Amino acid sequence: TVLGKAGIKVSELCFGILPMGPLQADISVKEGAKVILEGLKSGINFLDTAQAYNTYLHINEALKDYSGEVVIASKSHATEYDEMKEAGLEACREMKRDYIDIFHLHAAKEDKNVFKKRSGALACLVDLKKEGVIRAVGISTHAVEVVVQAAGVEEIDIIFPIINKVGLGIIGGTPEDMIEAIKKAHQAAKGLYAMKALGGGYLIKQIEESINYVREINEIDSTA
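Parameters and conventions
Residues numbered from 1 in each chain as written. Predicted model: local features only at pLDDT ≥ 70, side-chain atom pairs only at ≥ 80, totals over all residues. Heavy atoms only, no water. Helix = DSSP H or I, 4+ residues; strand = E, 2+ residues; numbered from the N terminus. Rg over C-alpha atoms; globule rule 2.2 N^0.38 Å. Contact = heavy atoms within 4.5 Å. Areas by Shrake-Rupley, 256 points an atom, 1.4 Å probe, with all protein chains shown as cover. Salt bridge = Lys/Arg side-chain N within 4 Å of Asp/Glu carboxyl O. Buried < 20%, exposed > 50% of the residue type's maximum accessible area, 1.4 Å probe, protein only. Pairing = 2+ DSSP bridges. Patch = residues over 30% accessible without salt bridge, like charges linked within 9 Å, V, L, I, M, F, W, Y side chains within 5 Å. 1 Å grid on protein atoms, 1.4 Å probe; cavity = no way out; pocket = protein on both sides within 12 Å on 5 of 7 lines; lining within 4 Å. Points joined across faces, edges and corners; volume = space filled by probe spheres on them.

Visitor: What exactly am I supposed to notice about the overall build of the chain here?
Guide: Looking only at helices and strands, the chain features 8 helices and 10 strands. By the compact-globule yardstick of 17 Å for 224 residues, the chain fits well, its C-alpha radius of gyration being 16 Å. Taken over the C-alpha atoms alone, the chain extends approximately 45 × 40 × 30 Å along its principal axes. When contacts within the chain are restricted to residue pairs at least 6 apart in sequence, those whose partners lie at least 24 apart make up 72%. Surface summary for the chain: the accessible area is close to 10,300 Å², and the carbon and sulfur share equals 49%.

Visitor: Could you clarify how one ought to interpret the pattern of salt bridges in this entry?
Guide: Overall, the coordinates contain 12 salt bridges when judged by the stated rule. Across the pair Lys-165 and Glu-209 runs a salt bridge whose closest N-O atoms are separated by 3.4 Å. One end of the pair, Lys-165, is in the loop between strand S8 (158-161) and helix H7 (175-187); the other, Glu-209, is in helix H8 (residues 207-215), with 44 residues separating them in the sequence. The class for Lys-165 is partly exposed, based on a relative accessible area of 21%. Judged by its relative accessible area of 48%, Glu-209 is partly exposed. Among the salt bridges present, the one from Lys-183 reaches Glu-180, with a minimum N-O distance of 3.6 Å. With a gap of 3 residues between them, Lys-183 and Glu-180 both fall in helix H7, about one helical turn apart.

Visitor: Before we go on, may I ask you to explain the sheet that holds strand S3 (residues 15-16) in this structure?
Guide: Two modes of strand pairing occur in sheets, parallel and antiparallel, and in both the strands are linked by backbone hydrogen bonds. Strand order in the open sheet made by the 8 strands is S3-S4-S5-S6-S7-S8-S9-S10, with parallel pairing throughout. The open sheet is flanked by S3 and strand S10 (222-223), the only strands paired with a single partner. Pairing between strand S4 (residues 46-48) and strand S5 (residues 71-76): 3 bridges, direction parallel. The residue of S5 that forms the bridge with Leu-47 is Ile-72.

Visitor: Explanation requested: a nonpolar patch on the surface in the structure shown.
Guide: Taken together, the side chains of Val-166, Leu-168 and Tyr-202 make up a nonpolar region of the molecular surface, amounting to roughly 340 Å² of accessible area. Structurally, the position occupied by Leu-168 is in the loop between S8 and H7. For Leu-168, a relative accessible area of 35% corresponds to the partly exposed category.

Visitor: Please clarify how the environment of Gly-68 should be interpreted in this entry.
Guide: Among the structural elements, Gly-68 can be located in the loop between helix H2 (56-63) and S5. Between the C-alpha atoms of Gly-68 and Lys-41, which are 27 residues apart in sequence, the distance is 9.0 Å.

Visitor: Even after reading the chapter, I still don't get the layout of surface pockets, so can you show me in this structure?
Guide: Over the atoms, a rolled probe matching the size of one water molecule traces out where space is still vacant. Of the volumes computed, that of the largest pocket is approximately 800 Å³. Taken together, 33 residues line the largest pocket, and the ones lying closest to its centre are Leu-18, Pro-19, Met-195, Lys-196 and Gly-200. Counting residues per element, the ones that place at least two in the lining of the largest pocket are S3 and H8.

Listed below in structure tokens is the structure:
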């Protein structure tokens, strides 16, 4: 599948790396790398991580034993230009990559003022894209209104919204409201991949039903 106007080709399933890091399961770099490598060998080519997850080393270790193409998305809570620049360079350095495919404003619970609050960070991502340090600029969000607003922000290539069948974590609306926002973003040619299809693990006993719910949203390009 292809992520909107960014044209980045990814597998229909995205491997969310957060749970193996110190914020959650806190498994070792070696064990995490084994899990990532299993995903890559199974056909997933798309990994999602973040500066705050502290999982860059897990990914780097996995990629030592993998020669295929891998698309990596990362994100940072940075608000200012210089802070975001260091975040982008850190991701390249820690994962030993020449560039990061997608870099997001990490803005899970921010409201529609996020683009004003983080104007410096957004300007930096635009420049990093021009310099080839990243391939696409994105935003990760839990808020319906931010997805709607991001649809109209020219600099944004990719949106990573939360969506699951029971609405866990969605801010400012229902799953139906988020799907309508996703449709608007898709119409604006944004690439879209879905966050927390399993509600952060709460829907793990309904895994097939939960993943299929998100996969059946036509405007979603990939599901984490």
